[in-house]
2 protein chains.
Amino acid sequence: MKAETIKLIKGDDLHCHLRRGKILESVAIFTARQFKRATIMPNTNPPILTAEDVIKYRHEIYECCWDDGWKEFEPLMTIQINDYTTPKMITQAKRAGVIAGKVYPQGVTTNSQNGVTNFGALYPVFREMQNLNMLLLLHGESPKPGVFCLDREEKFFSTLVAIAEEFPKLKIVLEHITTGKAVQVVSMLKNVAATITVHHLLLTLDDIVGGFISPHNFCKPIAKRPEDKKVLLMAATSGNPKFFYGGDSAPHLKENKECRQGCAGVFNAPVALPLLAQIFEECNKLDRLENFVSKFGADFYGLPRNSETIELIKKDWVVPDEYDGIVPFIAGQTLHWQIAS
Amino acid sequence: MKAETIKLIKGDDLHCHLRRGKILESVAIFTARQFKRATIMPNTNPPILTAEDVIKYRHEIYECCWDDGWKEFEPLMTIQINDYTTPKMITQAKRAGVIAGKVYPQGVTTNSQNGVTNFGALYPVFREMQNLNMLLLLHGESPKPGVFCLDREEKFFSTLVAIAEEFPKLKIVLEHITTGKAVQVVSMLKNVAATITVHHLLLTLDDIVGGFISPHNFCKPIAKRPEDKKVLLMAATSGNPKFFYGGDSAPHLKENKECRQGCAGVFNAPVALPLLAQIFEECNKLDRLENFVSKFGADFYGLPRNSETIELIKKDWVVPDEYDGIVPFIAGQTLHWQIAS
């Protein structure tokens, strides 16, 4: 007989876009409700580049969560590393409580126009991060013009391997991996781990352009082939501590998705944990959900595991069509698990 | 010095969706202006299944073109072949002037819910078509559930080869091919030719989901890899008479493209011939455009080549954002050629 409730250590979403302003106010509550901590992406508009930016942005996030009664939520702050980042800025960021630096190769996704063009030139920055035990989070796609969308992750591996070997004590996370090959590469590199999103455990390219064209399933890196999804599912449920949850929830207003040129990003925060439970249950690996969501990420980050717990109950609910003008992932579909209120 | 005008035999668009009702009224003029003849797809709503349907639909098309002053335009009528088509219906269709039967495997594109599930059961129909010298037009994608979108064309080849070998005198057109492998397969089969659209000479998957998500570049079969596009360009400009123009212009109202689940289809009719001229010129093969558009298709169909001519002049124009609520292909972009008025 299947369990009707599950109790987990409250987990960490180690890759999350909360945005700023009105969208932040709409979305923060979903993450705070389901996760004790979340790694907050810095590619906001304007971006989070310095210690000063972090202090301001963290305050905005706290204000939002406190207003909603989620005082215990802990945003893990990051800065965006670009061509103008200096080792001194890393030192300052560390003092301001920044846990990680995020690198976007130039132009690979939303708000990455200011991204990195020359990884080699950033080695002094990476060295300082290694010294200060700050994590390096990588959007792992090649920014080279003309690289075909389905090949971009693979074409980034040489850069990843070079950094990982040059800085053997730098903790590196290859974010939101989408291919079987990424699972292989991450498995082989001692100081590298990877986040996996919930939508990449569910989608393939078929769910974006295989039937109708579905902008709300569209993200970067784009979901790949069925074989890739299978390997991602295996990695997530394997018990290998190199693979843990980072949702990459990335809200965009509906009008910026359902239009001539729609933005990349899947807003999965409202459904994350219930959907993960459903997926792990379908794989007969529900007992490994806590590893993936609540233990492995904290361990790799070097953070204490959380002490709070969260309960899920098995009770159907239909995912709403939108929240404040933002269409959530699997809108209109029925989920079998929900957070116990 | 480059030519500032080109004069061609007025060509044939051997794959065209004109729809019915209001959309027909909006779009027919673009095809009639640029082409002497067009093969009219039968997957309208309701579909064109019988001689009777054809007579009615042809009348609607003529009315539309005549109203707009395009009295010389000649629609080449087709019926949709589905599981309920009989040899007798073929005989009747032939008498009504139908030139071809179009097969959609079930569910592969817009209005194909009623498509074919069992090709073997249709062999008596194909035999009658062979006897009556009626062409068989194939949407070449496997309808099997679970076949990955980028593999669907390739997975159809075994069906194509079986039909081509069973009916060696049946003229078969593999429509809107999208892969290098399709070029190879068509090249090897004596009684098979292929249409190539103008958008598949320009797009890859990158133009649909490589940057933003672009519903107006989304069609079935979906545009594939850069290597595939390169082979399609070679085939179209090669002078091989097996490859000729079929635009697959497929208009949808903007609200059915820019939405949660957008329809497949590129509305290229307003830009077809100028864009083809531009592409052939960029390949230094402008002298082969007439083969592709005005000769090879007619020859394969067994129709006389047209005697009218059409002139293009080199003069920039910006493609409008929409026509009657339908967004055309490359809307907002500048084209260097235009039809001489």
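Just so it is clear, the model here is predicted, and its values are computed rather than measured.

**Q** A description of the relation of the copies chain B and chain A should follow, citing residues and the corresponding values.
**A** With an RMSD of 0.0 Å, chain B superimposes on chain A once it is rotated by 180° and translated 0.0 Å along the axis. Here the symmetry operator amounts to a two-fold rotation axis. Looking at the rotation axis and the C-alpha trace of chain B, the residue lying nearest is B:E258, at 2.5 Å. Of the residues that chain B buries at the interface, 100% are likewise interface residues in chain A, meaning the two copies contact each other through the same surface.

**Q** Quick one: what's the story with the interface of chain B and chain A, residue by residue and with numbers?
**A** Facing 23 residues of chain B, the contacting portion of chain A comprises 23 residues. The greatest single-element share of the side of chain B that touches chain A, amounting to four residues, is contributed by helix 7 (residues 206-210) of chain B. The residue makeup of the side of chain B that touches chain A, split by class, is 13 nonpolar, six polar and four charged.

**Q** Talk me through unusual backbone geometry; I want residue IDs and the actual numbers.
**A** Across the junction of A:N45 and A:P46, the peptide omega takes the value 0°, indicating a cis bond. Residue placement: A:P46 occurs in the loop between strand 3 (35-40) and helix 2 (51-67). With omega at -5°, the peptide bond leading from B:K220 into B:P221 counts as cis. Tracing the chain through its elements places B:P221 in the loop between helix 7 and helix 8 (226-237).

**Q** I'd like a description of the sheet that holds strand 1 (residues 5-9) of chain B, backed by residues and values.
**A** Consider a sheet: its strands pair through backbone hydrogen bonds, and that pairing is either parallel or antiparallel. Residues and elements named next belong to chain B. Pairing is antiparallel across the open sheet formed by three strands, whose spatial order is 1-10-11. Each edge of the sheet is formed by a strand with only one pairing partner; in this case those strands are strand 1 and strand 11 (334-339). Across the sheet, the axes of successive neighbouring strands diverge by a mean angle of 35°, strand direction being ignored. Relative to strand 10 (residues 309-318), strand 1 runs antiparallel, the two sharing five bridges. Within strand 10, the position partnered with L8 by the bridge is I310. Across the face of the sheet, helix 9 (residues 272-282) comes into contact with strand 1, strand 10 and strand 11 while running at roughly 115° to strand 11.

**Q** I'd like a description of the packing of helix 3 (residues 87-95) of chain B against helix 4 (residues 123-131) of chain B, backed by residues and values.
**A** In a pair of packed helices, the angle between the axes and the distance between the axes together describe the arrangement. Residue and element names in this part refer to chain B. Helix 4 packs onto helix 3 with a crossing angle of 30° between their chain directions and a minimal axis gap of 8 Å. Of the possible angle classes, the one that applies to helix 3 and helix 4 is roughly parallel. Between helix 3 and helix 4 lies a crossing of right-handed hand. Every residue of helix 4 that contacts helix 3 at P87, I90 and T91 is listed here: P124, V125, E128 and M129.

**Q** How would you summarise helix 5 (residues 157-166) of chain A if you had to cite specific residues and measurements?
**A** Residue and element names in this part refer to chain A. Among the residues of helix 5, L160, I163 and A164 are the ones counted as buried. Projection of helix 5 onto a plane perpendicular to its axis shows the buried side chains occupying an angular sector of 100°, all on one side. Seen from the buried face of helix 5, the exposed residues on the opposite side, beyond 90 degrees, are S158 and E165. At its buried positions, helix 5 is contacted by helix 4 (123-131), strand 6 (135-138), strand 7 (172-174), helix 6 (180-188) and strand 8 (192-196).

Calculation criteria
Residues numbered from 1 in each chain as written. Chains lettered and ligands numbered in written order. Predicted model: local features only at pLDDT ≥ 70, side-chain atom pairs only at ≥ 80, totals over all residues. Least-squares fit on C-alpha atoms with pLDDT ≥ 70 in both. Contact = placed C-beta atoms within 7 Å. Helix = DSSP H or I, 4+ residues; strand = E, 2+ residues; numbered from the N terminus. Nonpolar A, V, L, I, M, F, W, Y, C, P; charged D, E, K, R; others polar. Pairing = 2+ DSSP bridges. Axes fitted to C-alpha atoms, helices over the stretch in contact; angles between N-to-C directions. Parallel < 35°, antiparallel > 145°, perpendicular 65-115°, else oblique. Left-handed = near helix turned anticlockwise from the far one by under 90°. Buried ≥ 20, exposed ≤ 12 C-beta atoms within 10 Å, placed from the backbone. Arc of directions from axis to C-beta.

Purely spatial values, then, with no claim about function.
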